[in-house]
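Structure assessment
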Protein chains: 2
Amino acid sequence: MRNDLVSGMARQTAEKKQEVSDPRVILEDFLPYRLNVLASLTSNALAQIYAERFGLSIPAWRVVVTLGQYEYRTARDIAAHGVMHKSTISRAVASLEQRGLIARRPNRDDRREALLELTPEGREIYEALAPEALAFEERFVSVLTEEEQRLLVSLIDRLSGHARQLAPEGEVEG
Amino acid sequence: MRNDLVSGMARQTAEKKQEVSDPRVILEDFLPYRLNVLASLTSNALAQIYAERFGLSIPAWRVVVTLGQYEYRTARDIAAHGVMHKSTISRAVASLEQRGLIARRPNRDDRREALLELTPEGREIYEALAPEALAFEERFVSVLTEEEQRLLVSLIDRLSGHARQLAPEGEVEG
DNA sequence: ACCAAATCGTTGCGCATGCAACCAATACGT
DNA sequence: ACGTATTGGTTGCATGCGCAACGATTTGGT
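As a convention, each chain's residues are numbered from 1 in the sequence order in which they are written. The lettering of chains begins at A and the numbering of ligands begins at 1, in the order of writing. Per-residue local features are limited, in this predicted model, to residues with pLDDT of at least 70; the limit for side-chain atom pairs, both in listing and counting, is 80 or more; totals at the level of whole chains, interfaces and linings are taken over all residues. Each side-chain value is derived from all of the structure's non-hydrogen atoms; neither hydrogens nor water enter the calculation.

Description of the overall build of chain A
Only DSSP runs of H or I covering at least 4 residues are called helices, and only runs of E covering at least 2 are called strands; the numbering of each starts at the N terminus. A tally of helices and strands in chain A yields 8 helices and 3 strands. Counted from the first residue to the last, chain A has its helices and strands arranged as α-α-α-α-β-α-α-β-β-α-α. Residues count as neighbours in contact if any of their non-hydrogen atoms are within 4.5 Å of one another. Within chain A, counting contacts between residues at least 6 apart in sequence, those at least 24 apart form 53% of the total. To be clear on the numbers: accessible area is Shrake-Rupley with a 1.4 Å probe, and residue cover counts the displayed protein chains and nothing else. Carbon and sulfur atoms form 51% of the exposed surface of chain A, whose accessible area is close to 9,000 Å².

In structure tokens:
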């Protein structure tokens, strides 16, 4: 093996004081980087479940979950709820509709938008998928104590709130 | 405004017991989702800095940072260090080389690989970029106390280690 | 009533990404 | 020493994404 660089992830606290005089970014210690690595690892592991077993992309998965949670909803609700770009949703919805997993019902009160909902087949997939997703989450956080899990959630929340202010505008992919 | 769905991020603890009998995924409470949103928010905010001000993509930024940190390194070292696919690195390196920010020196001992290093211009950019990145990080985590910051880092570390086991293989984009 | 601005959703375009195939060079087994 | 397997790095290809422009519809101002 030869992967000591990544598996080592050497943390060098001795370096800290140097950052003052000659600012250096230590990638492995850089929080945005770490967050991304963790999020990617998690996403990819999860994606295997719903891609290989249900043929769903990440955006499709989010659409399905949202509709499973809310019965029916418009595309822009889903976009807001899943923090995704509306074009991403549009394409995911088109694909899901073509596969017969969701149905589109035009809204008579506002004919620009359409209400989306799971078809019976769609709900079937959702009901098979949801327990697996939750089981994954459970396995994933099982290295932490309950206390730590609550803490993590609260830290993430506060950081997310703050991050939205640092970058006021813009959707987020996922 | 009409974004109550996303800005509300309603957390409904009362729902918890329902998950036992009828497993439902509440997207806003789903940890992988939250991690992704936070990571994306952070990435995008950061990306603005080095895209708009230095014309660097995320992979390019990671190459620059790695070389700033280690003087010289091969492409595959950088890939491992930045947890990125080797093709991503290859293209980032090509672009940086063309812009004259990094130089490639063939390794006589193993002529498959090449040692990469920052040119003076590259280092100049790095030295302008590093303080800004660190300042961003500082601003970013400033909502947390020192204690909480240490805790967050440790939680992330443990989760990352665990996640690597759940998804044993595969690079990570970023 | 009318016109401008805003909103929902779709689509064409350019670009980045991951994958797999590939080339060149090196390591390994026998 | 020879052939095969492995490794570093590049590239063609298909896919997916965000952006911006657009059509259709609705809202708001006057």
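As for the sheet that holds strand β3 (residues 114–118) of chain A
Paired through their backbone hydrogen bonds, the strands of a sheet run either parallel or antiparallel. Residue and element names in this part refer to chain A. Strands are treated as partners if at least two bridges between them are detected by DSSP. Strand order in the open sheet formed by 3 strands is β1-β3-β2, and the pairing between neighbours is antiparallel. Each end of this open sheet is capped by a strand with a single partner; those strands are β1 (72–74) and β2 (102–106). Going from strand to strand, the sheet's axes swing by 30 degrees on average, the running direction of each strand aside. Summarising the sheet, β2 and β3 pair through 5 bridges and their orientation is antiparallel. Bridge pairing in β3 links I102 to L118. To obtain an axis, a line is fitted to C-alpha atoms, over the contacting stretch when the element is a helix, and the angle between two such axes runs from 0 to 180 degrees between their N-to-C directions. Across the sheet, helix α5 (residues 75–82) touches β1 and β3, and the angle it forms with β1 is around 90 degrees.

A word on the pairing of β3(A)
Residue and element names in this part refer to chain A. Burial analysis of β3 places 4 of its 5 residues in the buried class, which makes it a mostly covered element. Two strands pair when backbone bridges link them, and β1 and β3 are joined in this way by 3 bridges, in the antiparallel orientation. Among the inter-strand pairings, Y72 is bridged to a residue of β3, identified as E117. Only protein chains enter the calculation, and the probe is 1.4 Å; a residue is then buried if its accessible area is under 20% of its type maximum, exposed if over 50%, and partly exposed in between.

Description of the packing of aromatic side chains
Only centres within 6.5 Å qualify two rings of Phe, Tyr or Trp (six-membered ring in Trp) as a pair; their planes then separate them into stacked at under 30 degrees, edge-to-face at over 60, and tilted for everything else. Following the criterion strictly, the structure yields 6 aromatic pairs over all chains and no others. On the numbers, 5.7 Å between centres and 50 degrees between planes, the contact of A:F30 with B:W61 is tilted. Pair noted here: A:F30 is in the loop between α2 (18–21) and α3 (31–52) and B:W61 is in helix α4 (residues 58–70), and the two residues belong to different chains. Take A:F30: its relative accessible area is 1%, and that puts it in the buried class. The exposure class assigned to B:W61 is buried, which follows from its relative accessible area of 3%. Their ring planes at 5 degrees and their centres at 6.2 Å tell us that B:F136 and B:F140 sit as a pair that is stacked. Placement of the pair is B:F136 and B:F140 together in helix α7 (residues 120–141), with a separation of 4 residues, close to one helical turn. For B:F136, a relative accessible area of 3% corresponds to the buried category. B:F140 sits in the buried class, given a relative accessible area of 0%. Among the aromatic residues, those joined into a ring-pair cluster are A:F30, B:Y50 and B:W61. The ring of B:Y72 carries the charged tip of B:R105 above its face, separated from the ring centre by 5.6 Å. The criterion for a charge sitting over a ring is simple: Lys NZ or Arg CZ within 6 Å of the ring centre, and within 35 degrees of the ring normal.

What to know about the interface of chain B and chain A
Counting residues at the interface gives 77 residues for chain B, matched by 77 residues for chain A. Summed over both partners, the accessible area (1.4 Å probe) lost when two parts come together is defined as the buried area. Carbon and sulfur atoms make up 67% of the surface buried where chain B meets chain A, a total of about 7,800 Å² over both sides. Any Lys or Arg side-chain nitrogen located within 4 Å of an Asp or Glu carboxyl oxygen qualifies as a salt bridge. There are 4 salt bridges connecting chain B and chain A. Note that B:E148 is salt-bridged to A:R158, the shortest N-O span being 2.8 Å. Distance and chemistry together define a polar contact, namely a pair of N or O atoms within 3.5 Å, with one atom able to donate a hydrogen and the other to accept it when in protein, and with adjacent residues in sequence counting only for side-chain atoms on both sides. Our enumeration of links across chain B and chain A arrives at 20 residue pairs in polar contact (both at pLDDT 80 or more). At the level of elements, α1 (4–8), α3 (31–52), α4, α5 (75–82), α7 and α8 (146–166) of chain B are the ones that each hand at least two residues to the side of chain B that touches chain A. With 16 residues, α3(B) is the largest single contributor of residues to the side of chain B that touches chain A. When residues are grouped by polarity, Ala, Val, Leu, Ile, Met, Phe, Trp, Tyr, Cys and Pro land in nonpolar, Asp, Glu, Lys and Arg in charged, and all others, Gly among them, in polar. Classifying every residue of the side of chain B that touches chain A gives 43 nonpolar, 15 polar and 19 charged.

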